[in-house]
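In case you want the letters, here they are:
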Amino acid sequence: GPVDCSKGTGSVPFKNVFVTDAEFVFTLDNPAFQVKSGEKMTAKKSAAISVSFKPDPKVVATPVRTAKLTVTCPSQTTVSWVFYLQA
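Procedures and definitions
Residues numbered from 1 in each chain as written. Predicted model: local features only at pLDDT ≥ 70, side-chain atom pairs only at ≥ 80, totals over all residues. Heavy atoms only, no water. Helix = DSSP H or I, 4+ residues; strand = E, 2+ residues; numbered from the N terminus. Buried < 20%, exposed > 50% of the residue type's maximum accessible area, 1.4 Å probe, protein only. Polar contact = N/O pair within 3.5 Å; in protein donor to acceptor, adjacent residues only side chain to side chain. Contact = heavy atoms within 4.5 Å. Phe/Tyr/Trp six-rings, centres within 6.5 Å; stacked < 30°, edge-to-face > 60°. Core = buried A, V, L, I, M, F, W, Y, C linked by side-chain atoms within 4.5 Å.

A. Unusual backbone geometry, seen in detail. Its identity as a non-glycine residue notwithstanding, K44 has a phi of 60 degrees, on the positive side. Among the structural elements, K44 can be located in the loop between β5 (38–41) and β6 (46–53). Take K44: its relative accessible area is 45%, and that puts it in the partly exposed class.

What follows is the structure, given as structure tokens:
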């Protein structure tokens, strides 16, 4: 199911599956969610990608409380990893 960010933050488990160090890029499709732009990970290392939910207070309507986190590694592959988030 989606990664729970209902308390304002969430953690997405991720592993560098490559046999070499690699730079991963993180992108979100909803500006109410925030994540760092990327991370260099050593070979076969696991890490948690921290995500936060901060809706824009100027938006009067109920914010969309879901997002899609896409992780890419352009130096190694054209494959992307997709994680669904819900606040």
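B. Spatial organisation of the side chain of N30. With respect to the element layout, N30 can be found in the loop between β3 (22–28) and β4 (33–34). Taking relative accessible area as the criterion, N30 reaches 10% and is therefore assigned buried. Of the polar contacts made by the side chain of N30, one reaches the backbone nitrogen of A32; its length is 2.9 Å. Among all residues touching N30, those that are not within four sequence positions of it are V64, T66 and A67.

C. View of the side chain of S52. Locating S52 in the fold gives a position in strand β6. Ignoring sequence-local partners within four residues, the contact set of S52 consists of G8, T9, A32, F33 and Q34.

D. Summary view of the packing of aromatic side chains. As enumerated under the stated definition, the model contains 7 aromatic pairs in all. Ring centres 6.2 Å apart and planes at 80 degrees place the aromatic pair F18 and W81 in the edge-to-face group. Taken together, the positions of F18 in the loop between β2 (9–15) and β3 and W81 in strand β8 (residues 80–86) put the pair 63 residues apart, joining distant regions of the chain. Given a relative accessible area of 21%, W81 falls into the partly exposed group. Here F24 and W81 contribute two aromatic rings whose centre-to-centre distance is 6.0 Å and whose plane-to-plane angle is 65 degrees, an arrangement assigned as edge-to-face. Taken together, the residues F24 in strand β3 and W81 in strand β8 connect sequence positions 57 residues apart. Chaining the aromatic ring pairs together yields one cluster made of F14, F18, F24, W81 and F83.

E. Broad picture of the nonpolar core. Residues V12, F24, F33, L69, V71 and L85 are the most contacted members of the largest nonpolar core, which totals 22 residues. At the level of secondary structure, the elements contributing two or more residues to this core comprise β2, β3, β6, β7 (66–72) and β8. Per-element accounting of this core gives the leading share, 4 residues, to β6. Once you skip the residues sitting within four places of it in the chain, F24 turns out to touch F14, N16, F18, S37, G38, E39, M41, V71, T72, C73 and W81.

Read these as spatial facts, not as claims about activity.
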